[in-house]
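# Analysis of the macromolecular model
Chain by chain, the residues:
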Amino acid sequence: KPFYMVSDVATKVGWNAVEKKVFSHSANKKIIYRFLRFNISDDYNFQMNDNDITDQLRLEYRMMSKSRNNKWWWALFLWGFEVS
C-alpha cells in the first residue's frame, strides 16, 4: 500500500530485505517469504511502540462509536465517563 511521508529524521531512503514465515497451502508447511520494504516504514512501524494499535482500539471500542442522533451534552457526558 503506498503512503506519503514527510520527514526530516530519515538520513537515507532505501529498501530493507525482510523475511517472514508464512503458511503455504501448496507445500502444507510454513515457508520463509522474502520481500523488500522501505526503511522509512520499517522505522515507523518498529519505533511507535504500539501507539497505532492503541489508537485504533480506542476508536473502535469507545462508547459513542455506535450511537447517533444524541443530544450534544450526551457526548460530553460519556467522554467524561470514559476518561475517569
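Provided above is the structure to which this section pertains.
All residue numbers refer to position in the chain's written sequence, counted from 1. With pLDDT at 70 or above as the cut-off, local features in this predicted model cover only qualifying residues; side-chain atom pairs require 80 or more to be listed or tallied, and sums for whole chains, interfaces and linings still use all residues. Water and hydrogen atoms were dropped before computing side-chain values, which therefore reflect all heavy atoms in the structure.

## Description of the packing of aromatic side chains
For Phe, Tyr and Trp, rings pair up if their centres lie within 6.5 Å, where Trp contributes its six-membered ring, and each pair is then called stacked (planes under 30 degrees apart), edge-to-face (over 60) or tilted (otherwise). Scanning the model with the defined rule gives 2 aromatic pairs in all. Measuring from centroid to centroid gives 4.3 Å for Trp15 and Phe38, while their planes differ by 15 degrees, and the two rings are stacked. Of the two residues, Trp15 sits in strand E1 (residues 15-24) while Phe38 sits in strand E2 (residues 29-38), which places them 23 residues apart along the sequence. Burial classes follow relative accessibility: with a 1.4 Å probe on protein chains only, a residue under 20% of its type's maximum area counts as buried, one over 50% as exposed, and anything between as partly exposed. We classify Phe38 as partly exposed; its relative accessible area is 34%. Helix and strand labels come from DSSP, where a helix needs a run of H or I of at least four residues and a strand needs a run of E of at least two; each type is numbered from the N terminus.

## Quick notes on the pairing of E1
Strand pairing requires that DSSP identify at least two bridges connecting the strands. By the bridge criterion, 10 bridges tie E1 to E2 in an arrangement that is antiparallel. Paired with Lys21 across the two strands is Ile32, which belongs to E2.

## Here's the deal with the side chain of Asp42
By secondary structure assignment, the location of Asp42 is in helix H1 (residues 39-47). Classification of Asp42 as buried rests on a relative accessible area of 12%. Any two residues whose heavy atoms approach within 4.5 Å at even a single point are treated as in contact. Apart from the residues lying within four places of it in its own chain, the contact partners of Asp42 are Asn16, Val18 and Arg37.

## Some remarks on the side chain of Asn39
You can see Asn39 is positioned in helix H1. Those residues within four positions of Asn39 in sequence are excluded, and the remaining contacts are Lys12, Val13, Gly14 and Asn16.

## Overview of unusual backbone geometry
Positive phi is not limited to glycine here, since Asn28 has a value of about 60 degrees. Inspection of the secondary structure puts Asn28 in the loop between E1 and E2.

On their own, these measurements won't tell you what the molecule is for.
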